Amino acid sequence: MGVSYDLIVVGGGHAGVEACLASARLGLNTLLVTTNVERIAYMSCNPSIGGLAKGHMVREIDVLGGQMGIAADESCIQFKRLNSSRGPAVRGSRAQCDKHIYSDLQKKVLRAQKNLSIVEGEVKRLILNKNICEGVVLQDGSEIFSKAVTITTGTFMNGVMHFGLKQISGGRIGDKASLGLSDQLAEFGFEVKRLKTGTPARLHKDSIDWSKTRPEYGDDVFYPFAHTSKKDFYLPQVACYLSNTTEKTHEIIRANLDKSPMFCGIIEGVGPRYCPSIEDKITRFSDRLSHQTFLEPEGLTTDLIYLQGISTSLPEEVQDQFLRTIPGLENVKVVRYGYAVEYDYVEPTQIFHRLETRPIENLFLAGQINGTSGYEEAAAQGFVAGVNAAHKILGREEFILDRDKAYIGVLIDDLVTKGTREPYRMFTSRAEHRLVLREDNTIDRLSPVSRGLGIVPPENLDKLETIKFKREELLNRLSQGVVYPKPETNNLIQEMGSTPLLKPVKFSELLRRPEVSFDFLSKLGFEYENNNDVLDSVEIEVKYSGYIKKQNEIIAQTKKFEMAPIPSGLDYAVIKGLSSEEIDKLAKVRPRTLGQAQRISGVNPSALQAIMIYLKGTKQIDI
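Everything numeric in this text was worked out from a predicted model, so none of it was measured.

A count of helices and strands for the protein gives 20 helices and 22 strands. In terms of overall size, the protein behaves like a compact globule, its C-alpha atoms giving a radius of gyration of 26 Å where 623 residues would be expected to give roughly 25 Å. In terms of overall dimensions, the protein has a C-alpha envelope of 80 × 75 × 50 Å along the principal axes. Residues counted as buried form 56% of the 623 residues belonging to the protein.

Structure (structure tokens):
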């Protein structure tokens, strides 16, 4: 018998990093197998972490005990809080990172992690004992046994790169494709499909005329993703630069669409709707005369510039032509041309919420193999898969986050319930409870869960609890302290353009006014510690208290129905009132609860009523 581990993680991308760290930190003997140890946690595309809804997930990963937020903070070279002028539910933090520092930080953490080993190699197939996964076979034929396997292969499963009409096997430039795994899964009965993603050209910074671009700077105030990070920037902050395509750009692209693999039928996979190629943009939005592009440095010591928004798979000579029609790029030198990647993914309705596959026991999937797009979506799944693989081995309960507790819960529930036909990307609009799933209250939502998981070190748990306690204490003082309508008080209130007081009010009631801040309360004698971790969340909680209360009431009302369990072996065919399509879909997804059944596309309200009547009649449910 070969070497044996508790858990084998296949793939060293963002999902793989979180999966193997979660398992090792829970005390399991863990092995990470990756085709290139130097490319661990490599940013294959955009050199940034976070964004709208994505920033929420990075903070959630951090509070639960993951690593992405720490690496993003320490490698950040431009920070922005997006939608800062809008409501708190849709604000999102984004860190442009030095991609090399980010990868180096993650590799350093992995190499120092107790219980974790790293092997460079390619996994060709799984070792299966009927429907139980017992390890992997590497390209050299060596067998490695384990109690569970987590696959996080990203865009590498049967990956093909497209450069115009030319195709090369691989998951990204410099790294070969992973061959064999998806074929084995398909042979076992998995529904394996194709998706597509793409990346823009990388430009040499010295060949750009920066005077024809507009500089865009980040924020002065840093809101780190990780609760353990310092509040000051770790690295010097840099500017990005804005330019636009022109009508001439669009003319060249239109004239060469016959050379695009997307438009001549070579690429079968569906691309990301919300991050389209430039060919898609000028075709779908033909009335637009120009499209915006950001020129983003990939790091502090590199000459490479990432051309955000100009993803393309056109031939190199066509890229040369159209790039030089963009202001500032007239004499540009392309270091690496853009290309598309087509790869296999597994239809995610074939996995449980714990990310273990339905057909094969002890096999977990995370990241782009489940049809998602983005580093953050991958890392979130990797963490959940790593925890659940460890929990299964340790005999613990499965780790599942509800939709009203975390964006991670929304992500996974959407995938396993609805599946996906295009690369799934997280947005705030996907969360029906987004007002209670804010970035600022991640600690309040998830620190109790984090303590139960036991991955975060005790001293860091204490930091989380301290922040949570200070917020609760400040809220209590605001709701107890009273402001009286004294002449001097009303004068100050009127000076700031607000309505004078007619009767005594609580400080919390005064803070609900849009124009009132903690700075103003201090003028009225209210004392507080100047701590953004505490103040921001408390101010939002107070100002939006009415809306938050209503949303919490709705959550409480629907929770009983949402969490009503459906027996895992229920035979839907015996339930009267269900159509053939509904029986097929319910049997395929196997919803855990009535709430999940409700979200399955094609399952009507009448079907839910029929299921409830049947379960009540057979005394399998109490609702």
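Past the structure itself, the notes keep going.
Next up on the list: the environment of Lys559. Locating Lys559 in the fold gives a position in helix α17 (residues 545-562). C-alpha of Lys559 to C-alpha of Gly595: the two residues are 36 residues apart in sequence and 8.5 Å apart in space. In contact with Lys559, not counting residues within four places along its chain, are Asp402 and Asp404.

Next up on the list: the sheet that holds strand β19 (residues 339-346). In spatial order, the strands read β11-β10-β19-β12; together these four strands make up an open sheet with antiparallel pairing. Every interior strand has two partners, whereas the edge strands, β11 (166-169) and β12 (192-199), have only one. Between one strand axis and the next, the sheet turns through 25° on average, direction left out of account. Two strands pair when backbone bridges link them, and strand β10 (residues 160-163) and β11 are joined in this way by four bridges, in the antiparallel orientation. Bridge pairing links Met161 to Ile168 in β11.

The next point concerns the packing of aromatic side chains. Scanning the model with the defined rule gives eleven aromatic pairs in all. Cluster of aromatic residues (ring-pair linked, three or more members): Phe79, Phe222, Tyr223 and Phe233. The side chain of Arg81 reaches across the aromatic face of Tyr223, ending 3.8 Å from its centre. A cation over a ring is seen here: Arg358 above Phe352, with NZ or CZ 4.6 Å from the ring centre.

With that settled, the discussion passes to the sheet that holds strand β3 (residues 48-50). Two strands in a sheet stick together by hydrogen bonds in their backbones, pointing the same way (parallel) or opposite ways (antiparallel). With antiparallel pairing, three strands are arranged side by side in an open sheet as β3-β5-β4. Across the chains shown, the open sheet's two edge strands, defined by having one partner strand only, are β3 and β4 (76-82). Along the sheet, successive strands turn relative to each other by an average axial angle of 20°, direction set aside. Pairing geometry for β3 and strand β5 (residues 92-97), over three bridges, is antiparallel. By the bridge assignment for β5, Ile49 is matched with Ala95. Relative to the sheet, helix α2 (residues 54-64) contacts β3 and β5, its axis offset from that of β3 by approximately 80°.

With that out of the way, let us pick up helix α16 (residues 532-543). For α16, spanning twelve residues, the distance from its first C-alpha to its last is 16 Å, which sits close to the expected 16 Å at 1.5 Å a residue. Packing partners of the buried residues in α16 comprise α11 (442-453), α12 (458-480), α14 (507-511), α15 (518-523) and α17. The opening residue of α16, the one whose side-chain oxygen lies 2.9 Å from the backbone nitrogen of Asp533, is Asn531.

Once that is clear, we can look at the packing of α2 against helix α9 (residues 375-394). As a packed pair, α2 and α9 sit with axes 9 Å apart at the nearest point and diverge in direction by 30°. When the axis of α2 is compared with that of α9, the two are roughly parallel. Viewed along their axes, α2 and α9 form a crossing whose handedness is left-handed. Of the residues in α9, those in contact with Lys54, Met57, Val58, Ile61 and Leu64 of α2 are Glu376, Glu377, Ala379, Ala380 and Phe383.

Our next topic: the pattern of salt bridges. By the definition in use, this model includes 41 salt bridges. Between Lys99 and Glu298 there is a salt bridge whose closest N-O contact spans 3.5 Å. One end of the pair, Lys99, is in helix α4 (residues 99-112); the other, Glu298, is in the loop between β16 (292-297) and β17 (304-308), with 199 residues separating them in the sequence. Of the two residues examined, Lys99 and Glu298, each falls in the buried class. Among the salt bridges present, the one from Glu398 reaches Arg592, with a minimum N-O distance of 3.6 Å. Here Glu398, found in the loop between α9 and α10 (407-418), pairs with Arg592, found in the loop between α18 (580-589) and α19 (594-598); they are 194 residues apart in sequence, far enough to count as distant. Classification of Glu398 by relative accessible area gives partly exposed; the value is 37%. Residues participating in the shared-partner salt-bridge network are Arg354, Glu356, Glu361, Lys392, Glu398 and Arg592.

What follows is about the pairing of strand β9 (residues 143-151). Sheet faces and side chains relate simply in a regular strand, where the side chains alternate between the two faces. Of all nine residues that make up β9, seven are buried, and the element is covered over most of its length. Pairing of strand β1 (residues 3-10) with β9, which is carried by seven bridges, proceeds in the parallel orientation. Looking at β9, one finds that Ile8 is bridged to Val149. Taken together, the three bridges between strand β8 (residues 132-138) and β9 define a ladder with antiparallel strand orientation. Among the inter-strand pairings, Gly135 is bridged to a residue of β9, identified as Phe145. Where β8 folds back onto β9 in an antiparallel hairpin, the turn is made up of four residues, including Gly141, whose phi is positive at roughly 90°.

So, how was this worked out
- Residues numbered from 1 in each chain as written.
- Predicted model: local features only at pLDDT ≥ 70, side-chain atom pairs only at ≥ 80, totals over all residues.
- Heavy atoms only, no water.
- Helix = DSSP H or I, 4+ residues; strand = E, 2+ residues; numbered from the N terminus.
- Rg over C-alpha atoms; globule rule 2.2 N^0.38 Å.
- Buried < 20%, exposed > 50% of the residue type's maximum accessible area, 1.4 Å probe, protein only.
- Contact = heavy atoms within 4.5 Å.
- Pairing = 2+ DSSP bridges.
- Axes fitted to C-alpha atoms, helices over the stretch in contact; angles between N-to-C directions.
- Phe/Tyr/Trp six-rings, centres within 6.5 Å; stacked < 30°, edge-to-face > 60°.
- Lys NZ or Arg CZ within 6 Å of the ring centre and 35° of its normal.
- Expected span 1.5 Å × (residues − 1).
- Polar contact = N/O pair within 3.5 Å; in protein donor to acceptor, adjacent residues only side chain to side chain.
- Parallel < 35°, antiparallel > 145°, perpendicular 65-115°, else oblique.
- Left-handed = near helix turned anticlockwise from the far one by under 90°.
- Salt bridge = Lys/Arg side-chain N within 4 Å of Asp/Glu carboxyl O.

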